[in-house]
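# Understanding the architecture of this molecule
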Amino acid sequence: MAFYYNEPSHTFNEYLLVPGYSSSECMPANVCLKTPIVKFKKSEEPSLTMNIPLVSAIMQSVSDDKLAIALAREGGISFIYGSQSVESEAEMVQKVKNYKAGFVTSDSNIRPDQTLEDLLKLKEKTSHSTVAVTHDGTSHGMLLGIVTSRDYRVSRMDSLTPIKEFMTPFKSLIYGTENTTLKEANDIIWDHKLNNLPIIDKDRNLLYFVFRKDYDAHKRNPNELLDVSKRYIVGAGINTRDYEERVPALIDAGADILCIDSSEGFSEWQSRTIDFIREKYGDGVKVGAGNVVDKEGFLFLAKAGADFIKIGIGGGSICITREQKGIGRGQATAVQEVALARDEYFKETGIYIPICSDGGIVHDYHITLALAMGADFVMLGRYFARFDESPTQKVNVNGSYMKEYWGEGSARARNWQRYDMGGAQKLSFEEGVDSYVPYAGSLSDNVRLTLSKVKSTMCNCGSLTVPELQQKAKITLVSSTSIVEGGAHDVVLKDNMVPMGSH
């Protein structure tokens, strides 16, 4: 006879945190969000921790090298998506590890024979005001000039005017060479009152830009997540099919941690993948596994040797696994059961395995709830897809800026390996959708706002660290009526009022 759970499973939206006693020390500035990402033994320190409890989802529309750099700068880890060739994923990992803080590879480039119209289209796509003019329009082509908003006036110029007629030519530029240090570059910027400084090689090929605004930004990033060589830490996704080829390439590229990207972690395929890594690399290579939603799944992956375990099936905003297959569990309930299993396992073995809540996060406070329920960190997809640094296009939809966002189980991604159940190598049916999310600006601004809310709520609960929150939190289920009560109600919002005379 089938097993039936006595209680329905719940989502984060069905819970609230109840305030606890807050001492005078409980101020957001005193909150520490540092959290482990890999397993460790009792009385020992984990070999890898994060400064904030956020990682980005292993998705084409979310995690590339650009977002990985931005998130590491804030203290979290991005997992480069694995639904691409081994070579291209390894190249993205290398870009993050080789990134020199303050030296930015140009991703707004144009040829001199292109037009003002082409420039305006490029600016709408990238939102960058500084555009490099290279002989071939690539980021490392021979530098011929630079175009900024000071070089043209749209209202006074023909849209077909060639770039070469109004760009600032190379002979008028101040630049640095490949041996220029960041300090020297910033000194040149300040001495000459520049907004940017191109860095070129001996053949005049463009290498990087150093921007005035990045100097201040660098000083404002005390949470940067760096390895022992002062390089940004980055993760990478793998699958359960080509791991014998992909894992060595990613490790050679410098990946700090791997994660098996799968919709279902309670499988022999995952244990085989972890076994390969342990046999070839021992415990030196860190690998997360998942996803699971109950105690049995957690214990299976714990015994298989996972360094962290992801929780969640069907809770993502673009995931339709529950609709298609009737498989999954409410995310809050899943986190609660797995957290309890994790704590029991720690008590029995002395080994603490961090758990990650993946999916089901709609509002910022859901992050705090997930942490309070026992998650050590959360994995976010839709959240990061909205930002400048995500790899997707920014488009105008009915007058509003949006960013494209699609699931790994969608026909667009065609990531059949994520849903691998053995057999044919194809995606038999979709388990994700292709969509848009509202554009939200820069990652830095949004992450800092989100974490300020998390810290404030933790103070309301009398907690200054994530482990303390997990010990002190008081959590209550709420009725559908009290959910309505929690928002604005019984008033007319000003934004919704129709001006007199309008139709």
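About the criteria used
Residues numbered from 1 in each chain as written. Predicted model: local features only at pLDDT ≥ 70, side-chain atom pairs only at ≥ 80, totals over all residues. Heavy atoms only, no water. Helix = DSSP H or I, 4+ residues; strand = E, 2+ residues; numbered from the N terminus. Buried < 20%, exposed > 50% of the residue type's maximum accessible area, 1.4 Å probe, protein only. Contact = heavy atoms within 4.5 Å. Areas by Shrake-Rupley, 256 points an atom, 1.4 Å probe, with all protein chains shown as cover. Pairing = 2+ DSSP bridges. Axes fitted to C-alpha atoms, helices over the stretch in contact; angles between N-to-C directions. Phe/Tyr/Trp six-rings, centres within 6.5 Å; stacked < 30°, edge-to-face > 60°. Parallel < 35°, antiparallel > 145°, perpendicular 65-115°, else oblique. Left-handed = near helix turned anticlockwise from the far one by under 90°. Nonpolar A, V, L, I, M, F, W, Y, C, P; charged D, E, K, R; others polar. Arc of directions from axis to C-beta. Salt bridge = Lys/Arg side-chain N within 4 Å of Asp/Glu carboxyl O. Core = buried A, V, L, I, M, F, W, Y, C linked by side-chain atoms within 4.5 Å.

On to the overall build of the protein chain, then. Helix and strand content of the protein chain: 15 helices and 24 strands. When burial is assessed residue by residue, the protein chain has 51% of its 503 residues classed as buried. Long-range pairs, those at least 24 residues apart, make up 65% of the contacts in the protein chain with a sequence separation of at least 6. Split by element, the accessible area of the protein chain, about 24500 Å² in all, is 50% carbon and sulfur.

Looking now at the sheet that holds strand 5 (residues 54-56). If you trace the eight strands once around the closed barrel, you get 5-6-14-15-16-17-19-20, paired in parallel fashion. Taking each pair of neighbouring strands and ignoring which way they run, the sheet shows an average axis angle of 30°. Here strand 5 runs beside strand 20 (residues 377-380); their pairing, made up of three bridges, is parallel. Bridge pairing in strand 20 places Ser 56 opposite Leu 380. Sitting on the sheet, helix 7 (residues 268-281) touches strand 14 (235-238), strand 15 (257-260) and strand 16 (287-292), and the angle it makes with strand 16 is about 170°.

Attention now goes to the packing of aromatic side chains. Applying the stated criterion across every chain yields a total of 16 aromatic pairs. Between Phe 103 and Tyr 208, the ring centres sit 5.6 Å apart and the planes meet at 70°, which makes this aromatic pair edge-to-face. In this pair, Phe 103 is assigned in the loop between helix 2 (86-98) and strand 7 (109-110) and Tyr 208 in strand 13 (residues 206-211), connecting sequence segments 105 residues apart. Arranged with centres 4.9 Å apart and planes meeting at 25°, the rings of Phe 170 and Tyr 175 form a pair that is stacked.

Moving on to the packing of helix 7 against helix 8 (residues 295-304). With their axes 9 Å apart at the nearest point, helix 7 and helix 8 run at an angle of 20° to one another. As the angle between them shows, helix 7 and helix 8 are arranged roughly parallel. By crossing handedness, the relation of helix 7 to helix 8 is classed as right-handed. Packed against helix 7, whose contacting residues are Glu 268, Gln 270, Ser 271, Ile 274 and Asp 275, the element helix 8 presents Phe 300, Leu 301 and Ala 304 at the interface. The class makeup of the residues in the contact of helix 7 with helix 8 is four nonpolar, two polar and two charged.

Let's shift gears to the sheet that holds strand 7. Judged by pairing direction, the sheet is mixed, and its four strands sit side by side in the order 7-8-9-10 without closing on themselves. Looking at strand neighbours, the two that pair on one side only are strand 7 and strand 10 (168-169), the edges of this open sheet. Bridge count for strand 8 (residues 131-134) against strand 9 (residues 143-147) is four bridges, and the pairing is antiparallel. Counterpart to Ala 132 in the pairing with strand 9 is Ile 146.

For the rest of this paragraph, the subject is helix 3 (residues 116-126). When helix 3 is considered as a whole, its buried residues turn out to be Leu 116, Leu 119, Leu 122 and Thr 126. One side of helix 3 carries all its buried residues, which in axial view fall inside an arc of 115°. Considering only its buried residues, helix 3 is in contact with strand 7, strand 8 and strand 9. Looking at the residues trailing helix 3, positive phi occurs at Ser 127, about 65°.

Another point: the pattern of salt bridges. Applying the stated criterion to the full structure yields 20 salt bridges. The partner of Glu 74 in a salt bridge is Arg 448, and the shortest N-O contact between them spans 2.9 Å. Taken together, the residues span a long stretch of sequence, with Glu 74 in helix 1 (residues 65-74) and Arg 448 in helix 13 (residues 443-460) at a distance of 374 residues. Asp 203 serves as the salt-bridge partner of Lys 202, at 3.4 Å between the closest nitrogen and oxygen. Residue class for Lys 202 comes out exposed when judged on its relative accessible area of 72%. Classification of Asp 203 by relative accessible area gives partly exposed; the value is 44%. Put simply, Lys 97, Asp 227, Arg 231 and Asp 256 are held in one network by salt bridges that share partners.

Within the secondary structure, Ser 480 is located in helix 15 (residues 480-485). Classification of Ser 480 as exposed rests on a relative accessible area of 58%.

Attention shifts here to the nonpolar core. Formed by 102 residues in total, the largest nonpolar core has its most connected members in Ile 37, Ile 77, Phe 79, Leu 258 and Phe 384. The greatest single-element share of this core, amounting to seven residues, is contributed by helix 10 (residues 331-349). If you look at the next biggest cluster of nonpolar residues, it comprises 11 residues, including Ile 110, Val 133, Ile 163 and Phe 166.

Moving on, we come to the side chain of Thr 126. By the secondary structure assignment, Thr 126 is in helix 3. Among all residues touching Thr 126, those that are not within four sequence positions of it are Asp 107 and Ser 108.

This brings us to the packing of helix 8 against helix 10. Their axes nearest at 8 Å, the elements helix 8 and helix 10 cross at an angle of 45°. By the angle class used here, helix 8 and helix 10 are oblique. Viewed along their axes, helix 8 and helix 10 form a crossing whose handedness is right-handed. Seen from helix 8, the contacting residues are Lys 295, Phe 298, Leu 299 and Ala 302; seen from helix 10, they are Glu 337, Val 338, Ala 341, Arg 342, Glu 344 and Tyr 345.

Turning our attention to unusual backbone geometry. For the bond from Gly 290 to Asn 291, the omega torsion is 10°, close enough to zero to count as cis. One non-glycine residue, Arg 204, adopts positive backbone phi at about 75°. Residue Arg 204 is classed as partly exposed on the basis of its relative accessible area of 27%. A positive phi angle is found at Asn 398, which is not glycine, with a value near 55°. Along the chain, the position of Asn 398 falls in the loop between strand 21 (394-397) and strand 22 (400-406). Asn 398 gets classed as exposed once you look at its relative accessible area, which sits at 79%.

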